[in-house]
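# Working through the structure, step by step
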Amino acid sequence: MDVPFVDLKAQARELHDELAAAFGSVTSGAAYTMGPELADFEAAFAAFCGAAHCVGVSSGTDAVKLALLGAGVGPGDEVVVPANTFIATAEAVSHIGATPIFCDVDPHTALLDPDALAAVCGEREGMLSAVVPVHLYGQPCDMDPILAIAEEHGLAVVEDACQAHGALYGGAAASSSAIEPPASLSATEPPAAIAAPPAGAAGPPAAIAAPPAGAAGPPAAGRPCGSFGVTAAFSFYPGKNLGALGDGGAVVTSDNAVAERLRLLRNHGQAEKQVHTLVGYCDRLHNLQAAFLSIKLECLPAWNTARREAAAYYDEKLRDIPGVAPIARRATLDEPVYHLYVVRLLTGSHEEDTDTDLAERLLADELERRDRDAAELEAGFDDPGLVADEHPIAGLPGVDQRTLPDLSGRGLHDIQSRGEARDEVRERLAAAGVQSGIHYAVPLHMQPAYAHLGYRLGDFPAAERLATQILSLPIFPEITRAQQDHVVAALVDALS
Ligand SMILES: Cc1ncc(COP(=O)(O)O)c(C=O)c1O
């Protein structure tokens, strides 16, 4: 049996007639930008997110960029970004001339760690402008402490909700018992946060199966991701929970003035025909995509429910399998939307690692390598061709050869080689017809594109360790229980 990572064809089949009718309607009017389909979708999506305004834009990356600009972030500013996210979060910061300041993630949930954020704020007091909590995998960040820290340090909060359409945050965790114990202690124990999955796929999502101690009655409805920050960015990339038939994105906000500025920014700063009140961008969401998205938005609640049920089924099937731990769900009142279903593989050399000894070992390795590199680099300057030939931007006018970042890639190789056991598991899954993914294999501070920021291996131990352990299993609304059984069986085989 083949199990794709996502199955976009199923959705296209289900909605074919409605999408074709929308295509016919937009093309018969031949108005492709800034039309009524866009306004209709924006109104519907703003309501879905619990925000006053939605501004449709060209992609999730542009949405993060415009969300930052809308929140007043600009050139020279510093913006805190988690080390484990898709690179677009940081790229958007760079695109507006600001600098990403990376921050470690929670080792259990893989989301921005409020304690690490507080530490970064302390170290860079007065220098930071904003923080971008990323609701990664469709799981809400712990927004209560993040908002409190941001307020204390004067940071704007700009949510990256590109993977979290419809995810609900239920409030701060009632106690640490909702959090999975360290991997080194729990290779065979189910994480506490998912210790009581529903008996059947039709039950409530695992994340709300057990209310926190002291909570009375059924869990109160949570607050939607996208309603916390001054602005929030969404992606409608086709594979997202709400995907266009091409690129698309949106910024949501409840601030009228910010919304007005965003509408200008996404359309050349044009306030009225021929009048441009600021220097903007060509970042519009097209009418065709908006029309498609309106159709799909109606299906989204049911699709998210199907994803939650599929996740609960995986939780149930994986709970007794040694060496596999689903990423912990932070709090019992959250309702994630499982854009991705991510597990950690607790096999091989990582089993005995604790956060501290791994960080120390990585740091020691890296310092030794840096000394060696420095010596090699120094020697290389006798030969003017060496650096110029190796570096992609060397030789460009104005580029100082001596300040070029170290592209030896050794930190990168180290991260990659530590993930080799996981790569073998992926190969075996592929041989059994099961596609899988890694989100993400290289933490942002180890990406060559950000070498110039001077981070090094060991800086963010949780993100570095997760990068070598995480594996994303197939999940999409139409996945069948038979397909999931096949995935689990293939995983057990691959691990044996
Ligand atoms: C967390 C996150 N941020 C930003 C983006 C960028 O979105 P897009 O691909 O639509 O530009 C993505 C898309 O994968 C994402 O997952």
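Scoring rules and cut-offs
The residue numbering used here restarts from 1 in each chain and proceeds along that chain's sequence as written. Under the rules for a predicted model, residues below a pLDDT of 70 receive no local features and side-chain atom pairs below 80 are neither given nor counted, while totals for whole chains, interfaces and linings still include all residues. The criterion for a residue being near a molecule or strand is a backbone-placed C-beta atom within 6 Å of that molecule or strand. We count a stretch as a helix when DSSP gives it H or I for four or more residues in a row; a strand needs E for two or more, and each element gets its number in order from the N terminus. Put simply, Ala, Val, Leu, Ile, Met, Phe, Trp, Tyr, Cys and Pro go in the nonpolar bin, Asp, Glu, Lys and Arg in the charged bin, and everything else, Gly too, in the polar bin. Field definition: a residue is buried when 20 or more other C-beta atoms are found within 10 Å of its C-beta, exposed when 12 or fewer are, and partly exposed for counts in between, with C-beta atoms placed from the backbone. Think of the arc as the fan of directions from the helix axis to the C-beta atoms. Note on contacts: residues are paired as contacts if their backbone-placed C-beta atoms lie within 7 Å. Scored between 0 and 100, pLDDT is the confidence that the predictor attaches to each residue. The path from the first strand over the helix to the second decides the hand: if it runs clockwise while the strands point away from the viewer, the crossover is right-handed. A pair of strands is labelled paired if DSSP reports no fewer than 2 bridges between them. Axis definition: a line fitted to C-alpha atoms, over the contacting stretch in the case of helices. Angles run 0 to 180 degrees between N-to-C directions. Should an angle fall under 35 degrees it is called roughly parallel, over 145 degrees roughly antiparallel, and 65 to 115 degrees roughly perpendicular, with every other angle called oblique.

Close to the ligand lie 16 residues, the nearest being G60, T61, A88, C162 and S235. If you list the elements that add at least two residues to the shell around the ligand, you get helix 4 (60-70) and helix 5 (87-95). Looking at the shell around the ligand residue by residue, the classes come out as six nonpolar, eight polar and two charged.

Residues of helix 7 (residues 143-153) that are buried: M143, I146, I149 and A150. On an axial view of helix 7, the arc spanned by its buried residues comes to 130 degrees, and they lie on one face. Opposite the packed face of helix 7, turned more than 90 degrees from it, sit the exposed residues E151 and E152. Residues of helix 7 that are buried sit in contact with helix 6 (114-123), strand 4 (128-131), strand 5 (156-160) and strand 6 (168-169). Residue G154 follows helix 7 closely and has a positive phi angle near 70 degrees.

Okay, the confidence of the model for the chain next. Averaged over every residue, the pLDDT of the chain is 83; the share at 70 or more is 76%. When the criterion is pLDDT under 50, residues 349-359 qualifies, and its contacts beyond four places in sequence or with other chains add up to 19 contacts.

Further remarks concern the pairing of strand 2 (residues 78-82). The buried fraction of strand 2 is high, at four of five residues. With helix 5 bridging strand 2 and its parallel neighbour strand 3 (residues 99-103), the resulting β-α-β unit is right-handed. Strand direction decides the pairing type here: strand 2 and strand 4, joined by three bridges, are parallel. Bridging across to strand 4, V79 finds its partner in A130.

Quick look at the packing of helix 6 against helix 7 now. Relative orientation and spacing of two packed helices are given, respectively, by the angle between their axes and the distance between those axes. With their axes 9 Å apart at the nearest point, helix 6 and helix 7 run at an angle of 10 degrees to one another. As far as their axial angle goes, helix 7 and helix 6 are roughly parallel. Residues P114, L117, A118 and C121 of helix 6 touch helix 7, and the partners they reach there are P145, I146, I149 and H153. Of the residues in the contact of helix 6 with helix 7, the class split is seven nonpolar, one polar and no charged.

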